[in-house]
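Close look at the chain arrangement
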Amino acid sequence: MLVLFLVFLNTPVLLAQDTRKAWDEVSAPVLLSIEPKAAEATKLVVAFELLTGSDGADKATVEMLDASGKIIEQKSVGRSKSIIKSVELQPPRSGLYYFRVTAMRNLLPQTKVSQILKYSYSLPLEPPAFRVMNTGGGGIQVSWTEVPEAEGYEVTCSAEGEDGLLPSGKASLAAGGLSGADRNHVVNFNELTVGRKYVFTVAALRGDDRVVADSLSRTVKDTPDREWNFAWFGQSSKAELNTITMIDADEFIFSLRSCSILPDGQIDQKGGKFTAFHDGLSFYYTIIDPEAENFILRATFTVDYINPTADGQEGFGLLAMDSLGEHGVSMKNHYTNSVGIIATKFEETIAGIKRTSKDTLGSRFVTGLSREVIDQGDSGIALNGRSVSRAYSYDSGSLVKKGDVYTLILMKTNSGYHTLLDNPYAPEELELEHILYGPEKLLQLDSGHVYAGFAVARGCNVTVSNVSMTITDPKKDPPGQPAPPELIPLRALVDSPPSYTEASYPFVFNANAAGSLTVIDGKRQVLINKEKITADADFIRLFNLSQGINDYRIIFTPDPGFRPAEGQVMASWDRELSAYVESYHPVNINHSVIYHSFDNPELWVAADGEFLGRGTKESPLDLTTALLFVKPGQTILLRGGIYYPNRMVNIPRGFDGKPDARRIIRSAEGERAILDFSLVDGGMSLWGDYWTIKSLDIRNTRGNIKGLQIAGDNNIVEDVAVYNCGDTGIQISGASAEPMQKWPKNNLILNCTSYNNCDPAANNADGFAAKLTCGEGNVFRGCIAFSNIDDGWDLFSKIESGPIGAVLIESCVAYKNGSLLDGSGNGDGNGFKLGGDGISIPHVLRNSIAYANGASGITSNSNPAVVIIRNTSYGNKGANINLYGKTSDKRLFIASRNISLRGGSGDVYREMPELESPDNFFWNGAQSLNSEGRAITEAIFQSLALDPAPGRHPDGRIDMKGLLMVKELNLEGIGANPEEYLRAFY
């Protein structure tokens, strides 16, 4: 083996090359053929012969040049076993093109070039896309889009059922075509017979070529048609998925699509998504003049397909918005105020009960966005924007399914915007009309236009029929009605645990309204007498508990003059009306606390333990009792075995340990406890502070239920394995209704493993997550995530909840995510997903390994500020390293000492090319190179054997078994070594 030593950054680096056949003995590439692609004639398939590998080249570049020698397009090809290789190239226009192949070997300046082949290419003439519209008074206008290289066009019109063109005069106009210089692409036919149907065609002409589009029929009317246009735009939308097909232009029947479907009926690819403040859509719309036009838009939707395993971002409906997204742009969030009656995921708290449905019909009103607010970025949008959603029903029978038919109505009046569900069979108590008062709320971004129409997103295809649009004059319509006060449901709660182990009990009360609080104990003693409560602020008072049960009656009286904001009042649920009504009536809450504890330094628990046990090894407790009465400084010792809880295991807020006396739950030495949640609708949740959970398994939660959720502060979760759960294995997140100050912070997840987790939609269950609602200081160290249906790690944040705290992931491993242990499933499959929605958060990933994941190994997921230090990413199906942003925010990526090899595509960092450096080795699709052009190969690793999989050393550290471990003295300080995470080498 030949060894080359290079020195940079004062660090010795060894680059390895195999002993290979001499480069001057390797044959040059041979061009074999150039042919149009069978299914896509606009592309050419260039085939050539070239040996790659140890006895051949390392990569090759295929170039297409024009007659002047300018390179029009080029593509790189890396190593492959096949000697015959091919690439696809797309000439921009007709003409003579030249092709050549250049082969290269790493570290050698000499290249080998094929012969040059020329190819005379004729761009296929496409049929024009055209439309036909009534102009009124017996006139028809035919308009079409320009066809590349068309020299002229031929337009014909004939009465349906008759042969030939129209009588003389109209025929010459139709058949004469237009000159290539005419860019208006419009022909008008006048004096047609009102009430009669005509057939129209448009053909593109080039020399002897003539390509005709499918004909369109239209009945001539005395009144003009309204102009409708199609656009696709927004997050995750795609040209091949977000499409429209006009089925019957005369009857105005069309289909909108946003997804492709597999032969077995399962979802294939998804286009776009419904989100709170920005959507990705197929949108067929008309432009409303808000000063001159009120309207009633009515349509029937037939659901041709909706994702059978809903993820809550698919759907369809009618939308009106005050700005239009840029057609064909998907990597840019389209923020807009909007009103919609849509079918998608809805979530509300009604009468104190959280209701969620995927997918059902409801209304969504997005307001508060101005140019100034959008320019403030994510924090400004989260602070000033409002997205209010209301479902018509949360009953399971209301879920949208394939074949369903719905009639939806969207109206603009002088009062505002109305959404109505036309359902004559709906129960009387169902409110079928929702109103956004104030039409000016959709005049913030484009004060002169409103864009109203039909939309589908992500995993839904529909056919739209029975469309009617009635336009009225705002000046003649009834005057607008003022908005009634907005009803804000009163929330009043005791945020204290139901059990306690000390006599001094911290009573915590919180309400979203100002008012007065009275608390009376079981002996009818008044402990708190009409004390002032500040809205959304914790009221804390210490109570003295008596042994046993302590009962309290809490009376909260809202201040009648309190208003949450201008135009808002407090409300309560009226059972008879099945609706919220304005109310400032007192609220009564009964709260009980059990005061009890055990003197044992340890509380023993067994799967067959009893609530009357003494907590000793000989007389163990059941798990529920031990969790109620464990004291700060005490340890719950779990005997080995399988525990089947009869309810979710919840450690409530306020039931805390102390910095120097943690509450601990762990398996007994030499034993392993397994918490199996297959019999209950719940998993394990930790809302308390200063707890340690150690050395146990959590498994088999039901669909959409996490294994372990951490919502408290300063907790340690160590040596916990979570698997076969119906959602993410271990997730750090709090409550979206609470301020960020209450989101979980300073938690450590240490030496944990999470695998084979899968939600019903097969696209949301990650190994680990810290997302949506988590604070600062959360750390994952020494953890392994593999074979989860979605990502290994997910640090997603979204606009409506705002930025989360920066997360540190170090000395961790993510592999084979995106599918399950048995190989089934096809989720996103990123190893480390480090953000979302373009929100800038400096998450840090260091000394970690990502390999064989179904998508990217490491991705910023549009977070423009991630920090990646000393990581190894290898053999992922997508890019090993994928760094990109979404908004205009400055790119703040930091990357150093990373190794990327053998990715499915080249690494992505084009938005910040200065990341190239001597100590970063990025994969370009053929080689792993640093900024100086120095290359590394797999020879730098101790092992590439994927079996056996990584394990653990006796002290909990990850044991990679040599896999992807950089050899001693080879690239010292570059690439990951997660086995060394206890050493301070950063």
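First things first, this report covers the structure right here in the doc.

Parameters and conventions
- Residues numbered from 1 in each chain as written.
- Predicted model: local features only at pLDDT ≥ 70, side-chain atom pairs only at ≥ 80, totals over all residues.
- Heavy atoms only, no water.
- Helix = DSSP H or I, 4+ residues; strand = E, 2+ residues; numbered from the N terminus.
- Polar contact = N/O pair within 3.5 Å; in protein donor to acceptor, adjacent residues only side chain to side chain.
- Buried < 20%, exposed > 50% of the residue type's maximum accessible area, 1.4 Å probe, protein only.
- Arc of directions from axis to C-beta.
- Contact = heavy atoms within 4.5 Å.
- Salt bridge = Lys/Arg side-chain N within 4 Å of Asp/Glu carboxyl O.
- 1 Å grid on protein atoms, 1.4 Å probe; cavity = no way out; pocket = protein on both sides within 12 Å on 5 of 7 lines; lining within 4 Å.
- Points joined across faces, edges and corners; volume = space filled by probe spheres on them.
- Nonpolar A, V, L, I, M, F, W, Y, C, P; charged D, E, K, R; others polar.
- Pairing = 2+ DSSP bridges.
- Axes fitted to C-alpha atoms, helices over the stretch in contact; angles between N-to-C directions.
- Phe/Tyr/Trp six-rings, centres within 6.5 Å; stacked < 30°, edge-to-face > 60°.
- Lys NZ or Arg CZ within 6 Å of the ring centre and 35° of its normal.

This paragraph deals with the environment of N898. Within the secondary structure, N898 is located in the loop between β72 (894–896) and β73 (899–901). Between the C-alpha atoms of N898 and S363, which are 535 residues apart in sequence, the distance is 47 Å. Side chain to side chain, N898 and N920 meet in a polar contact 3.1 Å long.

Looking now at helix α3 (residues 377–384). Helical geometry: 3.6 residues make up each α-helical turn, so side chains three or four residues apart lie on a common side. Taken together, the buried positions of α3 are occupied by G377, D378, G380 and I381. For α3, the arc enclosing every buried residue in end-on projection is 165°, short of the 170-degree limit, so these residues lie on one face. Looking at the buried side of α3, the elements it contacts are α2 (371–375).

All chains considered together, the criterion is met by 43 salt bridges. Among the salt bridges present, the one from D766 reaches K771, with a minimum N-O distance of 3.5 Å. Each member of the pair, D766 as well as K771, carries the same accessibility label: buried. The partner of E800 in a salt bridge is K798, and the shortest N-O contact between them spans 3.7 Å. Assessed through its relative accessible area of 31%, E800 is described here as partly exposed.

Before going further, it helps to examine empty space enclosed by the protein. In this structure the tally under the stated criterion is one cavity of 30 Å³ or more. Computed from the structure, the largest cavity encloses a volume of approximately 30 Å³. Surrounding the largest cavity, T275, A276, F277, H278, D279, H334, T336, S338, R364 and V366 form its lining. Broken down by class, the residue content of the lining of the largest cavity amounts to three nonpolar, five polar and two charged.

Turning next to the sheet that holds strand β34 (residues 460–472). Consider a sheet: its strands pair through backbone hydrogen bonds, and that pairing is either parallel or antiparallel. A sheet is described by the order of its strands in space; here seven strands give the open sequence β20-β21-β34-β25-β30-β31-β32, paired in antiparallel fashion. Two strands close off the open sheet at either side, each with one partner strand: β20 (243–248) and β32 (433–437). Looking at each pair of strands side by side, their axes are set apart by 20° on average, direction ignored. Sheet topology note: the strand β30 (residues 405–412)/strand β31 (residues 416–422) ladder contains six bridges and is antiparallel. In the strand pairing of β31, K412 is matched with Y417.

Here we take up the layout of surface pockets. One number sums up the size of the second largest pocket: a volume of about 1300 Å³. Every element with two or more residues in the lining of the second largest pocket is listed here: β11 (130–136), β12 (139–144), β18 (216–219), β19 (229–233), β20 and β34. No other element matches β34, which puts five residues into the lining of the second largest pocket. The residue makeup of the lining of the second largest pocket, split by class, is 21 nonpolar, eight polar and eight charged.

Let us now look at the packing of aromatic side chains. Aromatic rings in a pair are described by how distant their centres are and how their planes are angled relative to each other. Per the counting criterion, the structure on display carries 34 aromatic pairs. Between F509 and F556, the ring centres sit 5.4 Å apart and the planes meet at 45°, which makes this aromatic pair tilted. Of the two residues, F509 is situated in strand β38 (residues 504–511) and F556 in strand β42 (residues 548–558); the sequence distance between them amounts to 47 residues. Of the two residues, F509 and F556, neither departs from the other in class, the shared state being buried. Three or more aromatic residues link up through ring pairs in this structure, and these residues are W228, F252, F254, Y284, F301, F316, Y406 and F454. We note K112 situated over the ring of W23; from NZ or CZ to the ring centre the distance is 5.3 Å.

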